[in-house]
Amino acid sequence: MCGIVGFAGSDPALLEQMLRSIVHRGPDGQGTDMGRHFSIGMRRLAIIDVATGDQPLYSDDGNLALVFNGEIYNHVELRRELQQRGRRFVTDHSDSEVILRGFEEWGRNVVDHLTGMFAFAISDHERGELFLARDRLGIKPLYYVDGPEGFAFASELKALFQNARVARRPDVDALRRFLLFRLHDDGEDTFFDGVKRLLPAHTMLVRPDGIVKIERYWNPSVNPEFASTRSDDDYAQEFAQRWDDVIRRHLISDVPVGVPLSGGLDSSGVATTMARLRSSGTDLHTQGLYTFSALYPGESIDESEYIHEVERAIDSTPHYAYPQLDDFWNEIDDWIWYQEEPTIASAPYAYYSVYRLAGQHVKVMVSGNGGDELLAGYIPYFRAYLSSAIAQRHYLAAAREVVKGRDLYKKYAGELIRSKLPSRGANAINARELLQAGSTSGVQFASHKNLNERLASDVLQYSTPDLLRYEDKNSMAFSVESRVPFLDHELVEFIFSLPIDQKIKGGWNRAVYRNAMKGRMPEKNRLRRSKIGFTNPDIMWMKAKAREIRAVFSSPELAARDLYNPGQLVTAWDEYLAGRPGDGLIFWRVLVTELWMRRYMDQAVAV
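Fair warning: this is a prediction, and the values are worked out from it, not measured in the lab.

**Q** Before we move on, can you summarise helix 23 (residues 546–553) with the specific residues and values?
**A** Of the residues making up helix 23, those classed as buried are Ala 546, Ile 549, Val 552 and Phe 553. End-on view of helix 23: buried residues confined to an arc of 120°, all on one side of the axis. On its buried face, helix 23 is in contact with helix 9 (325–330), helix 22 (538–544), helix 24 (556–559), helix 25 (566–577) and helix 26 (585–602).

Right, dumping it as structure tokens:
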């Protein structure tokens, strides 16, 4: 795990400056390769093969150079296979080296053989080519520019801006999409004009004069069928076996491993499975199973009762972060510097606080992120379930589901009704009234009546990418590697293959997962009907800082953006505080966007 950077041409000072800007991603070492055509480098966070796994790694003839960010979980099996094919290894057990030897054996198709999270670059000195790849789900980031300033790539945006020729301009269209529709990270565009992200499951071939080709190498199929063809027990047993295998390989490490425990179904499943594996001999390189949680004593979002239930069940060594409003406000500028782009809410600060604490004890964390999007963990997914049942004429199943899940359907229906009430309609605060008139391109929300297609859309485009961005930024800020077993591509393919009624059944979402976890986690957690997770009391925090936020909204800096209607913004904020209905997080989006502009646009240096 580390951070990687590179560019076309040769400039040792620039390469050093880029690496210095991401030292938090890899405090354990640094390596560079200055070729005739490309310069590449990395900062290392040593996780696997601490002693001999330094990068860059080179082919036997010195022609190929590799820098890599991530973990390859099947590196032991791949090493064995490549050795049988005659490939010679120079490291003891580096997972990085299997990429290079695999590239020597299979060329660009090496990505098809890798199981893990990765972003890597291979420089071919003789051919004058650079090959880059990103993992299937986009767990590890890879940003790039390709224009008059030349081609460059990096694990973080701030590294790209070390080149003074790379302009720091906001992408106004991306900002409008974010402010109006809460959309971000759903495509290749970033919030910076001209700066792109290599999309998940894509490779890129570059020559000194720019990009030659970008290709997609993985496109999983989705089962559209509603009804199961096997018993629930069969599905649950298969899920449990696959789950154990996935968690087991996500625990491969030469350094301490812990788990962020929110008390939710997904993190509880990760923690309890880790405990089972540890009891059977898996080495976590710690004295016990370390858990890390965010607590909010006395608040409605506090998850202590569920967190403590798991802690008792697995006899963990718990550690607690207590996110506080004043702390957040005092360090929001630094937090935004690490986030690099606006966030949909302040909730990622809870993860930031947890990973800061974790960084004092472990180097690796195994997270439960991704389970909700894969297994229909949110209430609105019930609507897609009913549409699927009716479309495929499973009327009895639909009726039975409404009865058994009536508490959740009632809650969802109530939310829909309230959103349609007159007091929530014409009078409600609308993001458009806060912005100057202008068009917003590329906003097309896909309508999915099939639940599995809806889930795949969220996993591959609309929801999971932004969660992974937060996961990476918050963990790497404190030199911690975060792993997300739910997004292991083989597990994703299996879940995509399941029929719809294994996602929601008998009034329960995440049905197959709940069935698989029976007897493996506390029933209090397994049978939870509500969901909170790591979050912050956003609206309460905003209202507590109403005066400071109003000062930002009425500032000359914001007025000069040519993006907002400043007077209307301040008026709407005052009216909202006085009780005018509307989504209060609209104001968060404006606030974080303005503070982001000040940090990344207005300051002379981006780091």
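Back to the write-up after that little detour.
**Q** Mind laying out the pattern of salt bridges, listing which residues take part and the relevant values?
**A** A full pass over the atoms with the stated rule returns 58 salt bridges. Across the salt bridge formed by Asp 326 and Lys 545, the nearest N and O atoms sit 3.2 Å from each other. In this pair, Asp 326 is assigned in helix 9 and Lys 545 in the loop between helix 22 and helix 23, connecting sequence segments 219 residues apart. The exposure class assigned to Asp 326 is partly exposed, which follows from its relative accessible area of 45%. Put simply, Arg 598 and Glu 557 hold a salt bridge, and the shortest N to O gap is 3.8 Å. Taken together, the positions of Arg 598 in helix 26 and Glu 557 in helix 24 put the pair 41 residues apart, joining distant regions of the chain. You can call Glu 557 partly exposed: its relative accessible area is 36%. Salt bridges here are not isolated pairs; linked through shared partners, they connect Arg 25, Lys 140, Glu 156, Lys 158, Glu 340, Asp 472 and Lys 473.

**Q** Quick one: what's the story with the packing of helix 10 (residues 332–339) against helix 26, residue by residue and with numbers?
**A** Close contact between helix 10 and helix 26 brings their axes to 10 Å; oriented N to C, the two are set at 80°. Taken together, the axes of helix 10 and helix 26 are roughly perpendicular relative to one another. Residues Ile 332, Asp 333, Trp 335, Ile 336 and Trp 337 of helix 10 form the contact with helix 26, whose participating residues are Trp 588, Val 592, Leu 595, Trp 596, Arg 599 and Tyr 600. Of the residues assigned to the contact of helix 10 with helix 26, the class counts are nine nonpolar, no polar and two charged.

**Q** Kindly report on the side chain of Ser 123, identifying the contributing residues and their values.
**A** Looking at where Ser 123 falls in the secondary structure, it is placed in strand 6 (residues 116–124). For Ser 123, a relative accessible area of 1% puts it in the buried group. Look past the residues within four positions of Ser 123 in its chain and what remains in contact with it is Asp 33, Phe 38, Ile 40, Asn 63, Leu 64, Ala 65, Glu 129 and Leu 130.

**Q** Hey, could you go over the nonpolar core for me, with residue numbers and the actual values?
**A** Grouped together as the largest cluster of nonpolar side chains are 81 residues, with contacts concentrated most on Phe 553, Phe 587, Trp 588 and Trp 596. With 12 residues, the single largest contributor to this core is helix 26.

**Q** Explain the sheet that holds strand 7 (residues 129–134) to me, and be specific about the residues and the numbers.
**A** Strand order in this open sheet of six strands is 4-5-6-7-11-12, and the pairing throughout is antiparallel. Because the sheet does not close on itself, it has two edges, and the strands there are strand 4 (57–58) and strand 12 (210–216). For strand 7 and strand 11 (residues 202–207), the ladder comprises four bridges, and the chain directions are antiparallel. Opposite Leu 132, over in strand 11, you have Met 204 as the bridge partner.

**Q** Describe the sheet that holds strand 16 (residues 364–366), naming the residues involved and giving the relevant values.
**A** The five strands are arranged 15-14-13-16-17 in an open sheet whose pairing can be described as parallel. Each edge of the open sheet is held by one strand with a lone partner, namely strand 15 (317–321) and strand 17 (481–483). The average undirected angle you get between the axes of adjacent strands in this sheet is 30°. Helix 8 (residues 304–314) contacts strand 14 (290–294) and strand 15 of the sheet and is inclined by roughly 175° relative to strand 14.

**Q** Quick rundown of unusual backbone geometry? Include the residues and the values.
**A** Look at the link from Gln 55 to Pro 56: it is a cis peptide, with omega at 0°. Following the sequence through the fold, Pro 56 ends up in the loop between strand 3 (38–44) and strand 4. With phi around 55°, Asp 49 is a residue other than glycine that occupies positive phi space. If you trace the backbone, Asp 49 turns up in the loop between strand 3 and strand 4. Positive phi values are uncommon outside glycine, yet Ala 376 reaches one of about 65°. Position of Ala 376 among the secondary structure elements: in the loop between helix 12 (371–375) and helix 13 (381–391).

**Q** Mind laying out the pairing of strand 2 (residues 29–34), listing which residues take part and the relevant values?
**A** Bridge analysis of strand 2 against strand 3 gives six bridges, and the strand direction is antiparallel. If you follow Gly 29 over to strand 3, its bridge partner there is Arg 44. Where strand 2 hands over to strand 3, the hairpin turn is made up of three residues, counted between the paired strands.

Criteria and thresholds
- Residues numbered from 1 in each chain as written.
- Predicted model: local features only at pLDDT ≥ 70, side-chain atom pairs only at ≥ 80, totals over all residues.
- Heavy atoms only, no water.
- Buried < 20%, exposed > 50% of the residue type's maximum accessible area, 1.4 Å probe, protein only.
- Helix = DSSP H or I, 4+ residues; strand = E, 2+ residues; numbered from the N terminus.
- Arc of directions from axis to C-beta.
- Contact = heavy atoms within 4.5 Å.
- Salt bridge = Lys/Arg side-chain N within 4 Å of Asp/Glu carboxyl O.
- Axes fitted to C-alpha atoms, helices over the stretch in contact; angles between N-to-C directions.
- Parallel < 35°, antiparallel > 145°, perpendicular 65-115°, else oblique.
- Nonpolar A, V, L, I, M, F, W, Y, C, P; charged D, E, K, R; others polar.
- Core = buried A, V, L, I, M, F, W, Y, C linked by side-chain atoms within 4.5 Å.
- Pairing = 2+ DSSP bridges.

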